[in-house]
Amino acid sequence: MSNSAHETGRTVTIRDVAAAAGVSIGTASKALNGVGRMREETRARVMAAAEELEFRPNPLAQGLLAGRTYTVGLVTCDSFGRFSIPVMLGAEDALGAGQVSVFMCDTRDDPIREHHYVERLLARRVEGIIVTGRRTEPRPSIGHDLPVPVVYAMTQSQDESDLSIIPDDEGGGALAARHLLATGRTRVGHVTGPRGFQAARRRAAGLTGVLSEAGLQVAGDVLHGEWSEEWGRQGADILLHAAPDVDAIFCGSDQIARGVAETLRERGRRVPEDVALVGFDNWEPMALGCRTPLTTVDMNLGEIGRAAAAHLLDAIAGEPTRSGVLTVPATLVLRESTRRG
């Protein structure tokens, strides 16, 4: 491989080094710049490939990845930080704790404010921008003529040429359904957020798909409402009236689940003995404060942030960036609300 690159006069890139060493571009970047954890054998293999190919890294990218002070902008519309802060913490982990300054800008869902903040970040000479939010609905791109790479995390660009990293909502719904079936429940209800939210529709699709494979359907139909405890209380009453024999309820959020739990208790239904309960988000103040502590689906927001930062680092290093939508798998956090009787 080294001969062909030199014979054609083509500049050897980190992609060539990664291919020669049999590793990913991200692993090659970390090995060449002495960051990250990996087996010494892997690091040595990358270094040997780089020497053989006479690889000369881009000075700017080398400086950034070697741990010099650099900055990344985080543009968010999540005023409360419920989603953006875990994403940011995950990004900081990947970028190197203590080695990066993150400028966080809250747009408050105002396009003019967002444009202003992007201009301000560019004036500060940030090396890249992560755009995040509190919902995964496709949103307008912040622009394609920007001098720095951009990655979307926990939100999705309408432009397919951008890279967007979002949670696997449908997979999370499927996880919840398989768990409830494994505990012996067969009459599973679903109380979730507004039908207009992509997340609500996908979580419901994951649930109904698994139930359908088992020859079952949602008890009392899918109930859409607000992302709130109040709707959880109302939705539980509607569900108990439509399907009195319901033995499990999957909720589209932990807030909804907490409201559902209150109504179940008031109606004399024990959790989990009579009705198993699963939430979504793993928002610990809600999940742990619920009576009974709530089994819930974790979107792995930190991993979404880490993945976004890793792709941003590759782009800063001059590597071709991915495009389209990448999903990060969800995990199920087991607590007492689905305990077997």
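Parameters and conventions
- Residues numbered from 1 in each chain as written.
- Predicted model: local features only at pLDDT ≥ 70, side-chain atom pairs only at ≥ 80, totals over all residues.
- Heavy atoms only, no water.
- Helix = DSSP H or I, 4+ residues; strand = E, 2+ residues; numbered from the N terminus.
- Buried < 20%, exposed > 50% of the residue type's maximum accessible area, 1.4 Å probe, protein only.
- Contact = heavy atoms within 4.5 Å.
- Areas by Shrake-Rupley, 256 points an atom, 1.4 Å probe, with all protein chains shown as cover.
- Pairing = 2+ DSSP bridges.
- Axes fitted to C-alpha atoms, helices over the stretch in contact; angles between N-to-C directions.
- Parallel < 35°, antiparallel > 145°, perpendicular 65-115°, else oblique.
- Left-handed = near helix turned anticlockwise from the far one by under 90°.
- Right-handed = clockwise from strand over helix to strand, strands pointing away.
- Phe/Tyr/Trp six-rings, centres within 6.5 Å; stacked < 30°, edge-to-face > 60°.
- Lys NZ or Arg CZ within 6 Å of the ring centre and 35° of its normal.

(A) Broad picture of the overall build of the chain. When its secondary structure is counted, the chain shows 13 helices and 14 strands. Looking at the chain residue by residue over its 341 residues, the buried ones come to 51%. Partitioning the intrachain contacts of the chain with sequence separation of at least 6 by distance along the chain shows that 70% fall at a separation of at least 24. Working note: accessible area of the chain is about 16,000 Å², and carbon and sulfur atoms make up 49% of it.

(B) Region of interest: the sheet that holds strand β8 (residues 188-192). Pairing in this open sheet of six strands is mixed, and the strands run β9-β8-β10-β11-β12-β14 from one edge to the other. Every interior strand has two partners, whereas the edge strands, β9 (222-224) and β14 (331-333), have only one. On average, each strand axis in the sheet is tilted by 20 degrees relative to the strand beside it, whichever way the strands run. In terms of strand pairing, β8 meets strand β10 (residues 248-251) through four bridges, oriented parallel. Within β10, the position partnered with V188 by the bridge is A248. Contacts from helix α11 (residues 254-266) reach β8, β10, β11 (276-280) and β12 (295-298), with the element oriented near 155 degrees to β11.

(C) Focus on the environment of D16. With respect to the helices and strands, D16 occurs in helix α2 (residues 14-21). Between the alpha carbons of D16 and L53 there is a distance of 8.2 Å; along the sequence they are 37 residues apart.

(D) Just the packing of helix α10 (residues 229-242) against α11, in detail. Direction vectors running N to C along α10 and α11 enclose 50 degrees, while the axes themselves pass 6 Å from each other. Here α10 is positioned oblique relative to α11, judged by the angle of their axes. The crossing of α10 and α11 is right-handed. Only Q255, I256, R258, G259, V260, E262, T263 and L264 of α11 make contact with α10, whose side of the interface consists of E229, W231, G232, R233, A236, D237 and L240.

(E) Looking closely at unusual backbone geometry. Cis geometry is adopted by the peptide bond preceding P272, which originates at V271 and carries an omega value of 5 degrees. Relative to the helices and strands, P272 is located in the loop between α11 and β11. Residues R291 and T292 are joined by a peptide bond in cis, for which omega reads 20 degrees. With respect to the helices and strands, the residue T292 is situated in the loop between α12 (284-289) and β12. Positive phi, normally seen in glycine, also occurs at R108, with a value near 55 degrees.

(F) View of the pairing of β8. Across the five residues that make up β8, a large majority, five, are buried. The side-chain alternation of β8 yields two buried faces, one formed by V188, H190 and T192 and the other by G189 and V191. Inspection of the sheet shows β8 paired to β9 by three bridges, in the parallel sense. Bridging from a neighbouring strand, T192 pairs with H224 of β9. Chirality of the crossover, the property in question, places the unit of β8, helix α9 (residues 198-213) and β9 among those that are right-handed.

(G) Fine view of the packing of aromatic side chains. One pass over the structure, following the stated rule, counts two aromatic pairs. Measuring from ring centre to ring centre gives 5.7 Å for F197 and W227, while their planes differ by 80 degrees; the resulting arrangement is edge-to-face. Taken as a pair, F197 in the loop between β8 and α9 and W227 in the loop between β9 and α10 lie far apart in primary sequence, 30 residues in all. Plain terms: the ring middles of F250 and F280 are 6.3 Å apart, the flat faces sit at 50 degrees to each other, and that makes the pair tilted. Of this pair, F250 sits in strand β10 while F280 is found in strand β11, placing the two residues 30 residues apart along the sequence. The two residues F250 and F280 agree in class, both being buried. Taking NZ or CZ as reference, R124 lies 4.5 Å from the ring centre of F103, over its face.

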